[in-house]
Amino acid sequence: MTVQAALLEGTALLERATIPAARLTSEVLLAHATHQDRAYLYAHGDDELTERAWIHYGRYLQERLNGKPTQYITHLQEFYGREYYVNEDVLIPRPETEHLAEAAIDWISKHNVNRIVDVGTGSGAIAVTVALETGRRVNASDISIGALRVATRNRDQYGANVQFFAGDLLTAIRPRSIDLLLSNPPYVPAADAANMQQEVREWEPHVALFAGDSGLEIYQRLISQAQEALRPGGRMIVELGYQSLDGVRGMLESRWQDIDVLTDLAGWPRVLMATLRE
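Not measured: the values here are computed from a predicted model.

Asks: So what's going on with the sheet that holds strand β8 (residues 256-263)? Residues and values would help.
Replies: The strand order across the open sheet built from seven strands is β5-β4-β3-β6-β7-β9-β8, with neighbouring strands paired in mixed fashion. Among the strands making up the open sheet, the edge pair consists of β5 (162-166) and β8. Between one strand axis and the next, the sheet turns through 20 degrees on average, direction left out of account. Across five bridges, the pairing between strand β6 (residues 178-183) and strand β7 (residues 230-239) is parallel. When the sheet's bridge partners are listed, L180 is paired in β7 with R235. Each of β3 (116-119), β6, β7, β8 and β9 (269-276) touches helix α6 (residues 98-110); the most contacted strand, β7, lies at about 155 degrees to it. Across the sheet, helix α8 (residues 145-158) is in contact with β4 (138-142) and β5; its angle to β5 comes to roughly 170 degrees.

This is the structure:
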């Protein structure tokens, strides 16, 4: 079978199963099976696939038909222009989360920031990005040991100045020791599970997705602990879940100031920033 024929057959299989972006997915999976990039497939459409590549391609297609996200098949996801290793121990980094990284980079460029902590680091994409883009050391934590293994692999790939540690939010942090807190916490209400995409609900780690009945449980704990861990004048930057802005903002009335909200490209509130009062 030629490369072009394999692409057509894979695309047809995915289309019949109503898999989104069937052509792109088939290209990504075939490129992964042949250890080439997608441009190579177009330049070598008449080449015969090796038996090994054909076997791997068929297996990848079957995994995708069974609902496994493409990123967990290829173990790759791009974030802020870099490719990160991912597996089922971590959430797949979303493009929207780049807004949080950008906000952190901008804040660091304008302020005297010494100690930075990324809570719930997952794949480490935020921590590694901030460390590489700013030249600063970043400390990052996660409650999942599996996630920390993934994050360590990504840190080592890029030689980023990031130190990982296991912990439940900020419980392992000394009081008044942080200048900048970053977090993309779990924020999906448990009741929303039935309405989620099946591949997200069945494949991505629930500990990184769900946050109690309201979706605000982790925010409540994180903000309470941040009020003790941040130095006065320290900044907190967190990603917001769908319709969580009002609930999170309501937690900040007494001890926080300079509250700013950034929207994503779709116009949804995506990042909230606040400074702990002096």
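Having put the structure on the table, let's press on.
Asks: Quick one: what's the story with the packing of aromatic side chains, residue by residue and with numbers?
Replies: Counted by the stated rule, this structure contains four aromatic pairs. Judged by centre distance (6.3 Å) and plane angle (80 degrees), the rings of F79 and Y84 are edge-to-face. When sorted by exposure, F79 lands in the same class as Y84, which is buried. Both rings, one in Y84 and one in Y158, keep their centres 5.7 Å apart while their planes meet at 50 degrees; by these two values the pair is tilted. Pair noted here: Y84 is in strand β2 (residues 82-85) and Y158 is in helix α8, with a separation of 74 residues, a long-range link. Classification of Y158 as partly exposed rests on a relative accessible area of 26%. Sitting above the plane of the Y85 ring, R153 keeps its charged end 3.7 Å from the centroid.

Asks: Any chance you could break down the packing of helix α1 (residues 3-16) against helix α4 (residues 51-65) for me, citing the residues and the numbers?
Replies: Think of two packed helices as two axes; the pair is described by the angle between the axes and how far apart they sit. Contact geometry for α1 and α4: axes closest at 10 Å, N-to-C directions at 15 degrees. In terms of orientation, α1 and α4 fall into the roughly parallel class. In the packing of α1 onto α4, the handedness of the crossing is right-handed. Every residue of α4 that contacts α1 at A6, L7, E9, G10, L13 and L14 is listed here: W54, Y57, L61, R64 and L65. Classifying every residue of the contact of α1 with α4 gives eight nonpolar, one polar and two charged.

Asks: Run through the packing of helix α2 (residues 22-34) against α4, naming residues and quoting values.
Replies: For the pair α2 and α4, the least separation of the axes is 8 Å and the interaxial angle reads 140 degrees. Taken together, α2 and α4 sit at an angle that is classed as oblique. Relative to α4, α2 is oriented so that their crossing is right-handed. When α2 is examined against α4, the residues T25, S26, L29, L30, H32, A33 and T34 are found in contact with a partner set consisting of A53, H56, Y57, Y60, L61 and R64. Here the contact of α2 with α4 is built from residues that sort into seven nonpolar, five polar and one charged.

Asks: Before we move on, can you summarise the pattern of salt bridges with the specific residues and values?
Replies: Counting across every chain of the model gives 17 salt bridges. Measuring nitrogen to oxygen at the nearest pair gives 3.2 Å for the salt bridge that ties K110 to D106. Of this pair, K110 and D106 both sit in helix α6, four residues apart, roughly one helical turn. You can call K110 exposed: its relative accessible area is 59%. Classification of D106 as partly exposed rests on a relative accessible area of 37%. Connected via shared salt-bridge partners are R59, E63, K68 and E88.

Analysis parameters
- Residues numbered from 1 in each chain as written.
- Predicted model: local features only at pLDDT ≥ 70, side-chain atom pairs only at ≥ 80, totals over all residues.
- Heavy atoms only, no water.
- Pairing = 2+ DSSP bridges.
- Helix = DSSP H or I, 4+ residues; strand = E, 2+ residues; numbered from the N terminus.
- Axes fitted to C-alpha atoms, helices over the stretch in contact; angles between N-to-C directions.
- Contact = heavy atoms within 4.5 Å.
- Phe/Tyr/Trp six-rings, centres within 6.5 Å; stacked < 30°, edge-to-face > 60°.
- Buried < 20%, exposed > 50% of the residue type's maximum accessible area, 1.4 Å probe, protein only.
- Lys NZ or Arg CZ within 6 Å of the ring centre and 35° of its normal.
- Parallel < 35°, antiparallel > 145°, perpendicular 65-115°, else oblique.
- Left-handed = near helix turned anticlockwise from the far one by under 90°.
- Nonpolar A, V, L, I, M, F, W, Y, C, P; charged D, E, K, R; others polar.
- Salt bridge = Lys/Arg side-chain N within 4 Å of Asp/Glu carboxyl O.

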